[in-house]
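Structure assessment
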Amino acid sequence: MGYWRFVAFTGCRFNSASEHKMQNSMSRRRLLKWSGVTATVMVAGSLLPNFGITAAMAADLGEGDVGILNYAYALEQLEAAFYTQVIETPYEGITDEETALLTDIRDHEVEHRDFLKGALADGAIPALEVDFSAVDFTDRASVLGTAMVFEDLGVSAYNGAGKLIEDVAYLAEAGRIVSVEARHAAAIRDLLNPNSVSFAGDDIVDENGLDVVNDPATVLKAADPFITTEVTAMSLV
Amino acid sequence: MTIQTNNLIAALDPEIKDILVSNRREFFRGSAAKLGLMASAPILLAMTAQNAFGQELPQDIVDVLVFALTLEHIEDAFYRSGLDAPGLIPEEYVGIFNQIGKHEAAHVSFLTTALGSAAIERPELDLTAGGKYADALTNFDTYLTLSQTFEDLGVAAYKGQAGVLAPNDDILTAALQIHSVEARHAAIVRKIGGKKPWDGAFDEPMTKQEVLDAAGPFLA
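Parameters and conventions
Residues numbered from 1 in each chain as written. Chains lettered and ligands numbered in written order. Predicted model: local features only at pLDDT ≥ 70, side-chain atom pairs only at ≥ 80, totals over all residues. Heavy atoms only, no water. Helix = DSSP H or I, 4+ residues; strand = E, 2+ residues; numbered from the N terminus. Buried < 20%, exposed > 50% of the residue type's maximum accessible area, 1.4 Å probe, protein only. Contact = heavy atoms within 4.5 Å. Areas by Shrake-Rupley, 256 points an atom, 1.4 Å probe, with all protein chains shown as cover. Salt bridge = Lys/Arg side-chain N within 4 Å of Asp/Glu carboxyl O. Phe/Tyr/Trp six-rings, centres within 6.5 Å; stacked < 30°, edge-to-face > 60°. pLDDT = per-residue confidence, 0-100. Buried area = accessible area lost by both parts, 1.4 Å probe. Polar contact = N/O pair within 3.5 Å; in protein donor to acceptor, adjacent residues only side chain to side chain. Nonpolar A, V, L, I, M, F, W, Y, C, P; charged D, E, K, R; others polar. Expected span 1.5 Å × (residues − 1). Core = buried A, V, L, I, M, F, W, Y, C linked by side-chain atoms within 4.5 Å. Lys, Arg positive; Asp, Glu negative; His and termini not counted.

Naming follows an unreviewed UniProt entry, where chain B appears as Ferritin-like domain-containing protein of Devosia psychrophila.

Chain A has the name TAT (Twin-arginine translocation) pathway signal sequence in an unreviewed UniProt entry, where Devosia psychrophila is given as its organism.

And the structure:
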């Protein structure tokens, strides 16, 4: 439903003045936008019928709990795709211990992704296209540094999303995932800085002993460079 | 328009927040009693500003926070004792346990402040659990086993109570922030013990009773 609204909205961009006014007000509702391909989508919208934009080019998260679950689903897609690549093309000098940990993490992220997709059923956003061109998969520091960013970001995202979830059953499911993400974060951080306090460092745990919490806008902005598909959350209004 | 949506909007776009602020006020006024604390100010500020805060919270939330504080007291005492025990913690891990202990002490302070007059003092503890772990503070392997037990227990305990805290956004968020820190602790302690940092893709919650049954032997 959210996707259809996005299509309809895009399609009316070039219509009458009154609709243009409506479009302006609606454009302010385009609160979350992940990619730099907006212009591409707009051009496509002007050339094609409304339904001509393929799902691969844009995805709206939807509203309410569906929106929040899609938000999580998007992040898990990103993580699953990343670790799948990490295992397919191991970095130079990877140890057996590292391979075991990273393989587990990949499997977990795939499980999280598939679980959320199943929970969302027809409400799930499409598979996102990712862009890891900024990552050097042959380089340990590049891979583990990116992994750390993703894991810490995921923890902060779930921590921030908790209060946005209406149904406590979904809150419980998110809770089952987030602590595993935190375990990943600690393990990755320990690989980067063995036997240091980095696993729960002062950069992420404050003086009250509280982990980072981020709202969706902050998280999506951070994830933006890694996701090609345009993702919007306009229907959350 | 739900409160959840309102909050999301507010977090995203100041302009839209302005537009909706009157709606928000209406909403909050209408359900203040149900929500308990409704301030959207940073939680610590809200908490320290009201010493009687604990009395204003619904009883079920107070009960959860007292339960959490009990667990944090156990952890805090456990790490203080371990770090004080000569030669127990190998030198290369002292920094890690210092960091964990620092967090547990912070959690005790945070929850004590949050509860105000409803806060509890540290209970009398028996870290040997009636002699079952008699070498808890002399044998690092035993100490590690207990550390992992407490950390995994803490993760499962907070997870199990999230639904009760859900009506209060600020307290739920703070509890989630503690929850993930406990998970980080659990991961590193497991790694030191030569174990995997996780049991699988999902961490399971425990009920309050299950947690109390597991923690009970450590309460003198």
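With that settled, the discussion passes to the overall build of chain B. Within chain B, the secondary structure is distributed over ten helices and zero strands. Ordering the α and β elements of chain B from the N terminus gives α-α-α-α-α-α-α-α-α-α. Across the 220 residues of chain B, 54% fall into the buried class. Residue pairs in contact within chain B that sit at least 24 positions apart in sequence constitute 77% of those at least 6 positions apart. Total accessible area computed for chain B in this model is approximately 9300 Å², and 54% of it derives from carbon and sulfur atoms.

Turning to the overall build of chain A, a few remarks are in order. Helix and strand content of chain A: eight helices and two strands. If you list the helices and strands of chain A from N to C, you get α-α-α-β-α-α-α-α-α-β. Put simply, chain A has 237 residues, and 52% of those count as buried. Summarising the internal contacts of chain A: among those between residues at least 6 apart in sequence, 81% fall at separations of at least 24. Accessible surface, chain A: about 9400 Å² in total, of which carbon and sulfur atoms supply 57%.

It is worth spelling out the pattern of salt bridges at this point. Evaluation of the coordinates by the stated rule reveals 18 salt bridges over all chains. For the salt bridge of B:Lys196 with A:Asp104, the shortest nitrogen-to-oxygen distance reads 2.8 Å. Separated into two different chains, B:Lys196 in the loop between helix H9 (169-192) and helix H10 (208-215) and A:Asp104 in helix H5 (residues 96-120) make up a pair that spans both. In this structure, the salt-bridge partner of A:Asp190 is B:Lys191, at a minimum N-O distance of 3.0 Å. Taken together, the positions of A:Asp190 in helix H7 (residues 168-192) and B:Lys191 in helix H9 put the pair across two chains. Here the salt bridges share partners, and the residues they tie into one network are A:Asp152, A:Arg189, A:Asp203, A:Asp211 and B:Arg184.

Next up on the list: the packing of aromatic side chains. With the rule as written, the count across this model stands at 19 aromatic pairs over all chains. Ring geometry for A:Phe82 against A:Tyr83: centres 5.0 Å apart, planes inclined by 75 degrees, an arrangement best described as edge-to-face. Taken together, a centroid distance of 5.0 Å and an interplanar angle of 75 degrees make the contact between B:Phe78 and B:Tyr79 edge-to-face. Here B:Phe78 falls in the buried class, since its relative accessible area comes to 0%.

Below, the discussion takes up the confidence of the model for chain B. All names here are of chain B. Per-residue pLDDT for chain B has a mean of 82; in total, 75% of the residues score no lower than 70. Note on residues 1-54: pLDDT is under 50 here. Beyond four places in sequence and across chains, it has 76 contacts. Across the predicted assembly, pTM comes out at 0.79 and ipTM at 0.79.

Listed as interface residues are 56 residues of chain A and, on the opposing side, 57 residues of chain B. Of the roughly 4800 Å² buried where chain A meets chain B, counting both sides, 63% is carbon and sulfur surface. Considering only the side of chain A, the residues that lose the most area to chain B are A:Lys163, A:Arg176 and A:Arg183, jointly responsible for 16% of the buried surface there. For the pair chain A and chain B, the interface holds eight salt bridges. Remark: the boundary between chain A and chain B carries 23 residue pairs in polar contact (both at pLDDT 80 or more). When residues of the side of chain A that touches chain B are traced back to their parent elements, those giving at least two are H5, helix H6 (140-161), H7 and helix H8 (216-223) of chain A. Ranked by residue count, the leading element in the side of chain A that touches chain B is H7(A), at 16 residues. Tallied by class, residues from the side of chain A that touches chain B come to 30 nonpolar, twelve polar and 14 charged.

Time to look at helix H8 (residues 140-165) of chain B. All names here are of chain B. With 26 residues, H8 extends 36 Å between its outermost C-alpha atoms, agreeing within 8% with the 38 Å of an ideal straight helix rising 1.5 Å per residue. Counting buried positions along H8 gives 20 out of 26 residues, so the element sits mostly inside the fold. The distance from a side-chain oxygen at the start of H8 to the backbone nitrogen of Asp141 is 2.8 Å, and the residue carrying that oxygen is Asn139.

By size, the foremost hydrophobic cluster in this structure holds 78 residues, and its most contacted members are A:Tyr71, A:Phe82, A:Phe132 and B:Leu111. Residue contributions to this core peak at eleven residues, all from helix H4 (residues 64-88) of chain A. In contact with B:Leu111, not counting residues within four places along its chain, are B:Leu65, B:Ala68, B:Leu69, B:Glu72, B:Tyr158 and B:Ile178. By size, the runner-up hydrophobic cluster in this structure holds 35 residues, among which are A:Ala200, B:Leu71, B:Leu88 and B:Ile192.

This part covers the side chain of A:Glu151. Here A:Glu151 is to be found in helix H6. Salt bridges are absent for the buried A:Glu151, whose nearest opposite-charge side chain, B:Arg184, sits at 8.3 Å. A distance of 2.7 Å separates a polar atom in the side chain of A:Glu151 from a polar atom in the side chain of A:Tyr83. Those residues within four positions of A:Glu151 in sequence are excluded, and the remaining contacts are A:Glu79, A:Tyr83, A:Ile105, A:Glu109, A:Glu181, A:His184, A:Ala185 and A:Ile188.

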